[in-house]
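# Commentary on secondary and tertiary structure
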Amino acid sequence: MSQDVARPSLADALTERMLDLIRSGGLRAGDRLPSARELSQRFAVTTPTLREALRRLEATGAIQLRHGSGIYVGADLERVVIPNPNVRELEADRLLQLLDARLLIEPPLAGRAARRSRPADIELLRALLDQAGADLGTDEPEAETRLHKANMAFHREVAGVAGNSVLCEVIDSLLSVHASEQRAIQRIFDDRVRDFDEHTAILAAIEAGAERDAESLMRSHLADVKHVIEQRLA
């Protein structure tokens, strides 16, 4: 495979050590952790490395950072499906298996979202696509990051609108656990406009209450991405 792959870093290892600290200490949601300075000294890491690990843990809900107060165990530590923030080496098969999993789960959820959506749901989904659309025409690294986050948030929200909290957690966890794979998929697919247009079509079907169309469009969207990844990693 010619594409660059992400390899485990010090921050990756530190996130697991932080989780071990929480588990071995029997800490529960709301319990306070040592200060950032104490954690940095305890694990013998620099402040930037610690901040990156804390950011990852906060993103998965394992911890909560309260400005001016401290670091606390997050409520999502006890989720039915809990993300493991360790980032593994990326492989072609891993990317395709992730897309296969999403193909099995997300299309029916899009159909359910079309059946259940309310005006507030449509407004939020449209706002996410507006965010993505604003970054289509620039090559700034920050824009690529924002675009990726908006795209992932769109898929998460579609799952949320479907109304099954467990399946919503499954999708959220797939996208969180495999965040590196998702970023790699975006880089390899490398067609922002096509991705945006397909998301827009999915939203239109959901807004229209067209259950079959929403399911079919989500399936075609993910299958399209998978096909491109297969071709470019062959």
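Residues numbered from 1 in each chain as written. Predicted model: local features only at pLDDT ≥ 70, side-chain atom pairs only at ≥ 80, totals over all residues. Heavy atoms only, no water.

### What about the pairing of strand S2 (residues 70–73)?
- Both strand S1 (residues 63–66) and S2 contribute to a ladder of four bridges, which runs antiparallel. Bridge pairing in S2 links Ile 63 to Val 73.
- Taking the residues that link successive antiparallel strands as the turn, the S1-S2 hairpin has three residues, and the phi of Gly 68 there is positive, at about 80°. (Pairing = 2+ DSSP bridges. Helix = DSSP H or I, 4+ residues; strand = E, 2+ residues; numbered from the N terminus.)

### Remarks on the packing of helix H7 (residues 165–177) against helix H8 (residues 179–189)
- Two elements in contact, H7 and H8, have axes separated by 4 Å at closest approach and are oriented at 75°. If you check the angle between H7 and H8, you find them roughly perpendicular. Contacts between H7 and H8 involve Leu 175, Ser 176 and Val 177 from the former and Ala 179, Glu 181 and Gln 182 from the latter.
- Taken together, the residues of the contact of H7 with H8 break down into three nonpolar, two polar and one charged. (Axes fitted to C-alpha atoms, helices over the stretch in contact; angles between N-to-C directions. Parallel < 35°, antiparallel > 145°, perpendicular 65-115°, else oblique. Contact = heavy atoms within 4.5 Å. Nonpolar A, V, L, I, M, F, W, Y, C, P; charged D, E, K, R; others polar.)

### Description of a negative patch on the surface
- A cluster of like negative charges, contributed by Asp 139, Glu 140, Glu 142, Glu 144 and Asp 190, occupies part of the molecular surface.
- Mapped onto the elements, Asp 190 comes out in the loop between H8 and helix H9 (192–207).
- Look at Asp 190 and you get exposed, because its relative accessible area is 60%. (Patch = residues over 30% accessible without salt bridge, like charges linked within 9 Å, V, L, I, M, F, W, Y side chains within 5 Å. Areas by Shrake-Rupley, 256 points an atom, 1.4 Å probe, with all protein chains shown as cover. Salt bridge = Lys/Arg side-chain N within 4 Å of Asp/Glu carboxyl O. Lys, Arg positive; Asp, Glu negative; His and termini not counted. Charge placed at Lys NZ, Arg CZ, Asp CG, Glu CD. Buried < 20%, exposed > 50% of the residue type's maximum accessible area, 1.4 Å probe, protein only.)

### Points about the packing of H8 against helix H10 (residues 211–233)
- Two numbers describe how H8 lies on H10: the axes approach to 9 Å, and their chain directions differ by 75°. As judged from the angle between their axes, H8 and H10 are roughly perpendicular. Here Ile 185, Ile 188 and Phe 189 of H8 lie close against H10, whose contacting residues are Asp 224, Val 225, Val 228, Ile 229, Arg 232 and Leu 233.

### Remarks on the pattern of salt bridges
- Taken as a whole and assessed by the stated rule, the structure comprises 13 salt bridges.
- Arg 118 is the salt-bridge partner of Asp 121, the closest N and O atoms lying 3.5 Å from each other.
- Relative accessible area serves as the criterion here: at 11%, Asp 121 is assigned to the buried category.
- Between Glu 207 and Arg 126 there is a salt bridge whose closest N-O contact spans 2.8 Å. Taken together, the residues span a long stretch of sequence, with Glu 207 in helix H9 and Arg 126 in helix H5 (residues 119–134) at a distance of 81 residues.
- Its relative accessible area of 45% is what places Glu 207 among the partly exposed residues.
- One network of salt bridges, with partners in common, ties together Glu 52, Arg 55 and Arg 56.

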